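Topology and contacts: notes
Residue strings, one per chain:
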Amino acid sequence: MSGRSASGYVLLEDGTRLPGRTVGIRASAFGEAVFTTAMSGYQEIVTDPSFAEQLIAFTAPMIGNYGASIERNESDRPAARAVIMRRAGGTEWKRWLVREGIVALEDVDTRALVLHLREHGAMRAAVVADGIDTATTLERIEAQPSMSGRGLVAGVSTKRRYRLGAGSTRVALIDYGCKRSIVRRLLARGAAITVHPHDASAEAVLGERPDAILLSNGPGDPAALASETAVVRKLIGRVPLLGICLGHQLLARAAGFATYKLPYGHRGANHPVRDERSGRVLVTCQNHGFAVEGDGPHVTHVSLYDGTVEGLALTDEQACSVQFHPEAGPGPHDGWPIIERWLDGVAASRPAGVTALAS
């Protein structure tokens, strides 16, 4: 395998083909083609476990111009299967792509690709940098499963329970593919964290006597996670709960809401969300292909792009959630206070305190 320049291409399941030039390893990657509008945070995006099984197209014209650093990784290894760019800037970024074993192309007409995905929706695709012919690639794409109905958390969750921090507020974190920036924010606010695998039972989680429970982000279709949803249902009302991204969707399903696949998802660091209680608009970081369906008094935040549910508060059951990423890793900091205020409220009102999400 080599990072030397060679021709490659992106091929979508409908036959659309866009040429490019490889700047990653010489191989092929198959998955769901999606795009993100973030202009920075490219390393955090590629290592975010929520991007498992996906091929990421960046809309910004240059990606990689400020290099790469291990401190920016959101997990131990890249989650995305491939990276698609108009231009890869900086030798360190290109070296990082090769070192991490990522298939990556530059000189792709990403504008045309993104417009196509917006019109026709995210779809199965391949990024090819090893000379495999188009007909063979299309056959392999058609053999790939759709993202709908796929539960992917087992591939990104921790396999064992472990503990972090020595703070006074005990937080049980159920890891469906948790980003490191979420853990850092909890630790910085004085939490003692017990991280549980995605398939931990309600009894195992509650057996640690947590003051609060955080349901993390993660990849895949929440409708495929019936056992995880059943565990969340048992946890509602026991201690304060906060769900983020996939955790928001699982909490919603546990509370009786439905979820559905968005045409091309919400991915980027510039998504406006309105807090329905204060009227304030938050500019948020997002990464999800599924959304919660519903309305009513439990809905606390909505997307100003398409009106989808971005937050819930089930105050009688001490449970709340947001679809966006308040840890802002990467992204704007408008939602930054949410985790801190949730933890502060838990600490101040132990053992039965309820904290609404404040903007």
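1. A word on the pairing of strand β13 (residues 258-275)
Note: β13 against strand β14 (residues 281-293), eleven bridges, orientation antiparallel. Each bridged residue has a counterpart across the sheet, and for K261 the counterpart in β14 is F290. Looking at chain direction, β13 and strand β15 (residues 299-303) are connected through three bridges and run antiparallel. Looking at the pairing, R274 lines up with V302 of β15.

2. Focus: the packing of aromatic side chains
Summed over the entire model, instances satisfying the criterion amount to four aromatic pairs. Where Y42 meets Y66, the ring centres are 4.5 Å apart and the plane angle is 35 degrees; that geometry is what we call tilted. Of this pair, Y42 sits in helix α1 (residues 42-46) while Y66 sits in the loop between β4 (54-58) and β5 (82-84), and the two are 24 residues apart along the sequence. Centre to centre, the rings of W93 and W96 are 5.4 Å apart; their planes meet at 10 degrees, and the pair counts as stacked.

3. So, the packing of helix α7 (residues 226-235) against helix α8 (residues 246-254)
Remark: α7 packs on α8, axes separated minimally by 8 Å, with the N-to-C direction vectors making an angle of 70 degrees. In terms of their interaxial angle, α7 and α8 are classed as roughly perpendicular. For the pair α7 and α8, the contacting residues are E228, T229, V232 and R233 in the first and L250, L251, R253 and A254 in the second. Residue classes in the contact of α7 with α8 are distributed as four nonpolar, one polar and three charged.

4. What about the domain arrangement of the protein chain?
Here the protein chain is partitioned into domain 1 (7-142) and domain 2 (153-358). Computed over C-alpha atoms, the centres of domain 1 and domain 2 are 28 Å apart. Across the contact, 26 residues belong to domain 1 and 22 residues belong to domain 2. Where domain 1 abuts domain 2, roughly 1,800 Å² becomes buried across the two surfaces, and 45% of that area is made up of carbon and sulfur atoms. Its largest share of buried area at the contact with domain 2, domain 1 owes to P49, S50 and E74, together 30% of the area lost on that side.

5. Some points on the nonpolar core
Buried together is how nonpolar side chains tend to be arranged in soluble globular proteins. Among the nonpolar cores identified, the biggest contains 25 residues, and L173, L186, I193, L214, I244 and W342 are the most heavily contacted of them. Those elements that provide at least two residues to this core are β9 (169-174), α5 (180-188), β10 (191-196), β11 (212-215), β12 (241-244), β17 (319-322) and α9 (337-348). When residues in this core are grouped by element, the largest group, five residues, is from α9. Setting aside residues up to four positions removed in sequence, L186 forms contacts with V171, L173, A191, I193, L214, I339, W342 and L343.

6. So, the pattern of salt bridges
Summed over the entire model, instances satisfying the criterion amount to 18 salt bridges. The shortest N-O distance in the salt bridge between E92 and R99 comes to 3.5 Å. Judged by relative accessible area, which is 53%, R99 ranks as exposed. Here the residues in one salt-bridge network are R21, R86, R87, E106 and D107, joined through shared partners.

Cut-offs applied
- All residue numbers refer to positions counted from 1 along the written sequence of the respective chain.
- Residue-level local features of this predicted model are given only where pLDDT is at least 70; pairs of side-chain atoms are given and counted only at 80 or more, and the full residue set underlies all totals for whole chains, interfaces and linings.
- In computing side-chain values, all of the structure's heavy atoms are included and hydrogens and water are not.
- Only strands that DSSP links by at least two bridges are regarded as paired with each other.
- Note on conventions: DSSP H or I runs of at least 4 residues are helices, E runs of at least 2 residues are strands, and numbering of each starts at the N terminus.
- Between the rings of Phe, Tyr and Trp (Trp by its six-membered ring), a pair exists once the centres lie within 6.5 Å; its type follows the angle of the planes, with under 30 degrees stacked, over 60 edge-to-face, and the other angles tilted.
- Lines fitted to C-alpha atoms define the axes, with helix axes restricted to the stretch in contact, and inter-axis angles between N-to-C directions lie between 0 and 180 degrees.
- Angular relationships are summarised with four words: roughly parallel below 35 degrees, roughly antiparallel beyond 145, roughly perpendicular across 65 to 115, and oblique for the angles in between.
- We call two residues in contact whenever any of their non-hydrogen atoms come within 4.5 Å of each other.
- Gly falls in the polar group here, along with every residue not listed as nonpolar (Ala, Val, Leu, Ile, Met, Phe, Trp, Tyr, Cys, Pro) or charged (Asp, Glu, Lys, Arg).
- Here the bounds of each domain stem from an automatic or database domain assignment.
- Here's the idea: put two parts together, see how much 1.4 Å probe accessible area each one loses, and the total over both is what we call buried area.
- To qualify as a nonpolar core, a set must consist of buried Ala, Val, Leu, Ile, Met, Phe, Trp, Tyr and Cys residues joined through side-chain atoms within 4.5 Å.
- A 1.4 Å probe rolled over the protein chains alone gives each residue an accessible area, and that area as a share of the maximum for its type sets the label: buried under 20%, exposed over 50%, partly exposed in between.
- A pair is scored as a salt bridge if a Lys or Arg side-chain nitrogen falls within 4 Å of a carboxyl oxygen belonging to Asp or Glu.

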